[in-house]
Amino acid sequence: MLQYLTYFALSMFVGREVISKVPQTLHTPLMSGSNAISGITVVGALVAAGMTEEPWARYLGLAALIAATINVVGGFLVTDRMLQMFRKKPIQR
Amino acid sequence: MSREFIELAYLLAAALFIVGLKRLQSPATARSGNQLAAVGMLLAIVATLFGQEILSPVEMIAGLVVGGLVGLILARRVQMTAMPELVAAFNGFGGLASALVASAEVMGAIGWTTILTITISVVIGMVTFSGSFVAFGKLSGKISGNPISFLGQRALMALVTLVTVASMAWAMAGPESLSAGLPPAVFGILVLAGASLVLGILFVVPIGGADMPVVVALLNSFSGLAAAATGFVLGNTALIVSGALVGASGLILTNIMCVAMNRSLLNVLIGGFGQEADDSSPAPGLSEGRSVAVTSADDTAILLSYAEKVIIVPGYGLAVAQAQHQVRELADLLQKRGVEVKYAIHPVAGRMPGHMNVLLAEANVPYDQLYEMDAINNEFDTTDVTLVVGANDVVNPAARYDKTSPIYGMPILNVDQSRAAVVLKRSMRPGYSGVQNQLFFAANTRMLFGDAKDSVTALITEVKAV
C-alpha cells in the first residue's frame with residue numbers, strides 16, 4: 001500500500017510540473033485529453049470483468065468497460081479534432 | 001505472458017502519457033502529444049487483454065467495440081460550441097467506470113483497508129458521474145443554468161453526507177461474515193453508491209451556469225482521482241499513475257479558473273452566485289442616472305477601417321451567438337486594409353477553460369493572433385479601437401479601483417485604456433456578477449446594441465462599403 005502511495009504522490013508532482021506550463025490557449029484540449037487518460041480505468045474494467053466467474057461482477061465489469069471505452073475513444077478523438085484546427089497560418093479557402 | 005511484461009507495458013504507457021501531456025505545452029506539438037497518449041492507452045489495453053489470463057476475451061473485445069463506436073460517434077458529431085458539455089459527459093462515464101470496477105471487486109475483498117479503498121473509489125466515481133451529468137444538463141441548457149436552491153438544501157446535503165459516511169463504515173464492518181449469504185460489504189456498497197449519486201447531484205445543482213468551468217475542471221480532477229483509487233483497489237500501477245496525473249491536471253485548472261474569477265473554490269462550491277442574465281428584454285439607455293453613448297454599425301465600421309490597431313475581446317456572448325466565423329471575417333477585412341488586429345482572451349472567456357481559443361481556431365483564426373491577458377494588457381493604451389464582443393465582467397475597470405465592487409480584485413482586460421472602445425451587447429443588463437459595468441459609461445466607450453452575430457454581420461457589410 002505504501003509503495004502505491006509513493007507512485008501516487010510522485011505522479012501528482014510530475015503532473016503538476018508538466019501541466020502548469022500548458023498555455024491557456026490549450027486548456028480545453030488539455031481537459032478533454034487528460035479526461036481521456038483518466039479512462040485508463042478501462043484496464044481495471046478488463047481485469048475486473050475478464051478474470052472472474054462471478055456473474056454479477058462480470059456484468060459490472062462489462063458495463064464499466066463500455067463506459068470507460070466511450071471515455072477513452074471519444075476523449076482522444078475529440079481532442080484530436082480540436083487540435084487539428086489550431087494552425088499558425090490560416091487555411092486558404 | 002509474465003507479470004513483468006505487463007508492468008513494463010504500463011510503465012511505457014505512463015511515460016507516453018507524460019510525454020504526450022508535455023507536448024501540449026505548444027499548439028505546434030499538441031496534436032502529436034495527444035496521439036502519443038492515445039498510443040499509450042492502446043498499449044495498456046492490449047497488454048492487459050493479452051497479457052493476463054482473460055476468461056472471456058470475445059466478450060471483452062465486444063465491450064471495447066461497443067464503447068469505442070459510441071465514443072467515435074459522439075466525438076465526430078459534436079459542435080465546437082457544445083464541447084464543454086461533451087467533456088462533462090465523457091468525464092461522467094470515466095467516473096462511473098471507476099466506481100463500477102471498484103464495486104465488482106467487493107466480493108473478493110479481504111481486510112478493511114481494501115474495503116476502505118473500494119468505498120473511496122465508489123464515492124468519488126459516483127459523485128463524478130452524477131455531478132458531471134448535472135453539469136452536462138446545465139451546459140447544454142437541458143437544466144436551468146441558474147443556481148437552483150430549495151428549502152432545506154443544506155440539511156439534505158448534511159443528511160446524505162451522513163448516510164454516505166455511515167454506509168462506508170457499514171461496508172467495512174464485516175467482510176469476513178461470508179457465511180450468512182452476502183456480506184454486509186455488498187449492501188454497504190449499494191447504499192453508498194446510491195447516496196454518492198445523490199451527493200453528486202446536490203453538489204452541482206446549486207452552482208450557476210457561468211461557474212461551470214470551475215465545476216468541470218474539478219470533476220475532471222475527480223475522475224482522475226477515482227481512477228487512481230480504483231488502482232489502489234486492484235494494485236494496478238497504470239491506474240494509479242495515470243489517475244494521479246489527471247487529478248493534478250484538474251486541480252491546477254480549477255485553481256487557475258478560481259484565480260481568474262477572484263473567488264475561492266469554497267465560494268464557487270457554496271453556489272447561488274449570480275443569476276444568468278436573461279438578455280431577451282432590451283433595456284438600453286439610462287442606468288444609475290448616467291447615460292451611455294450609443295453608436296451605429298456604419299459609424300463603428302468607419303472607426304475600425306481607419307484605425308491602425310484594433311483589439312477584439314471575445315466573451316461568453318460570442319460563444320452563445322456563435323459569431324466566431326463572422327468575427328474572423330471582419331478581422332480579415334480589416335487586416336486587408338492594413339489594420340493590425342489582435343485578439344485578447346481572458347482566462348474565463350467562453351464556457352470552459354480555453355473554450356474561446358477552440359472556437360476561434362475553428363473559425364480559422366491563426367493561434368498567434370490570440371493573446372493571453374497578461375501578454376496584451378499593456379497594449380491597450382496604444383490601441384485605437386477595442387471591440388468587445390459579448391464580454392462583460394472581464395472588462396469592468398471597477399475591478400481595479402472600486403473597493404466596494406463585488407468583482408474588486410478580479411484580473412481584467414484593461415479595455416478602458418484604449419483610445420476608443422465599442423461594446424457589442426444585446427442590452428444594458430449586468431453581467432454574471434450582477435454589477436453594472438463602469439466601462440459602458442466611460443467617455444471613450446460606444447455601445448452597439450444587438451445580437452453579436454447580427455451586429456458583426458452588419459459591421460462586415462459596412463466595412464466593405466467604406
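A quick note: this is a predicted structure, and the numbers were derived from the prediction, not measured. (Residues numbered from 1 in each chain as written. Chains lettered and ligands numbered in written order. Predicted model: local features only at pLDDT ≥ 70, side-chain atom pairs only at ≥ 80, totals over all residues. Heavy atoms only, no water.)

Undergrad: What's the story with the overall build of chain A in this structure? I'm lost.
TA: Helix and strand content of chain A: 4 helices and 0 strands. Here the C-alpha coordinates of chain A stretch approximately 60 × 35 × 15 Å along the principal axes. The buried share of chain A, reckoned over its 93 residues, is 60%. Considering only contacts in chain A between residues 6 or more positions apart, those separated by 24 or more positions represent 71%. As displayed, chain A offers around 3800 Å² of accessible surface, 62% of which is attributable to carbon and sulfur atoms. Side-chain charges of chain A comprise 8 positive and 4 negative groups, with the mean position of each set lying 24 Å from the other. (Helix = DSSP H or I, 4+ residues; strand = E, 2+ residues; numbered from the N terminus. Buried < 20%, exposed > 50% of the residue type's maximum accessible area, 1.4 Å probe, protein only. Contact = heavy atoms within 4.5 Å. Areas by Shrake-Rupley, 256 points an atom, 1.4 Å probe, with all protein chains shown as cover. Lys, Arg positive; Asp, Glu negative; His and termini not counted. Charge placed at Lys NZ, Arg CZ, Asp CG, Glu CD.)

Undergrad: Help me understand empty space enclosed by the protein in this model?
TA: If you roll a probe as big as a water molecule over the atoms, it shows you where there is empty space left. Counting across every chain of the model gives 1 cavity of 30 Å³ or more. By volume, the largest cavity is sized at about 50 Å³. Around the largest cavity sit A:Gly33, A:Ile37, A:Phe76, B:Gly20, B:Leu21, B:Leu24, B:Gly33, B:Asn34 and B:Ala37, which together line it. Counting only elements with at least two residues in the lining of the largest cavity, the list comes to helix H2 (27-38) of chain A together with helix H1 (3-23) and helix H2 (27-51) of chain B. (1 Å grid on protein atoms, 1.4 Å probe; cavity = no way out; pocket = protein on both sides within 12 Å on 5 of 7 lines; lining within 4 Å. Points joined across faces, edges and corners; volume = space filled by probe spheres on them.)

Undergrad: Can you help me understand the side chain of B:Ser121 in this one?
TA: Residues and elements named next belong to chain B. One can find Ser-121 in helix H5 (residues 112-140). Residue Ser-121 is classed as buried on the basis of its relative accessible area, which comes to 0%. Excluding its chain neighbours within four sequence positions, the residues that come into contact with Ser-121 are Ser-98, Ala-99, Ala-102, Ala-226, Ala-229 and Thr-230.

Undergrad: Please explain the sheet that holds strand E2 (residues 340-345) of chain B as it appears in this structure.
TA: Remark on secondary structure: sheet strands pair via backbone hydrogen bonds, oriented parallel or antiparallel. Residue and element names in this part refer to chain B. The 6 strands are arranged E3-E2-E1-E4-E5-E6 in an open sheet whose pairing can be described as parallel. Unpaired on one side and paired on the other, strand E3 (370-372) and strand E6 (445-449) mark the two borders of the sheet. Taken over all neighbouring pairs, the strand axes of this sheet differ in orientation by 25° on average, direction set aside. The sheet contact formed by strand E1 (residues 309-314) and E2 spans 4 bridges and is parallel. Along E2, the bridge assignment pairs Ile-312 with Tyr-343. Packing of helix H13 (residues 324-336) onto the sheet brings it into contact with E1, E2 and strand E4 (385-389), and relative to E2 it is tilted by some 150°. (Pairing = 2+ DSSP bridges. Axes fitted to C-alpha atoms, helices over the stretch in contact; angles between N-to-C directions.)

Undergrad: Explain the packing of aromatic side chains to me, please; I cannot follow it from the model alone.
TA: The description of two aromatic rings rests on the distance between their centres and on the angle between their planes. With the rule as written, the count across this model stands at 7 aromatic pairs over all chains. Where A:Tyr4 meets A:Tyr7, the ring centres are 6.3 Å apart and the plane angle is 50°; that geometry is what we call tilted. Here the residue A:Tyr4 and the residue A:Tyr7 both occupy positions in helix H1 (residues 2-19), the gap between them amounting to 3 residues, near one helical turn. Overall, the relative accessible area of 30% leaves A:Tyr7 in the partly exposed class. Members of the aromatic cluster, connected to one another through ring pairs, are A:Tyr4, A:Tyr7, A:Phe8 and B:Phe232. Against the face of B:Tyr306 rests B:Arg337, its NZ or CZ located 5.5 Å from the ring centre. (Phe/Tyr/Trp six-rings, centres within 6.5 Å; stacked < 30°, edge-to-face > 60°. Lys NZ or Arg CZ within 6 Å of the ring centre and 35° of its normal.)

Undergrad: I tried to follow helix H17 (residues 452-465) of chain B on my own but got confused; where do I start?
TA: Turn by turn, an α-helix covers 3.6 residues, leaving residues three or four places apart pointing in a common direction. Residue and element names in this part refer to chain B. With 14 residues, H17 extends 20 Å between its outermost C-alpha atoms, agreeing within 8% with the 20 Å of an ideal straight helix rising 1.5 Å per residue. Of all the positions in H17, only Ala-452, Ser-455, Val-456, Leu-459, Ile-460 and Val-463 are classed as buried. All buried residues of H17 lie within an arc of 145° about the axis, which places them on one face of the element. Of the residues in H17, the exposed ones pointing more than 90 degrees away from the buried face are Asp-454, Lys-464 and Ala-465. For H17, the N-terminal capping position is held by Asp-451, with its side-chain oxygen 3.1 Å away from the main-chain nitrogen of Lys-453. (Expected span 1.5 Å × (residues − 1). Arc of directions from axis to C-beta. Polar contact = N/O pair within 3.5 Å; in protein donor to acceptor, adjacent residues only side chain to side chain.)

Limitation: the analysis is restricted to geometry and does not speak to function.
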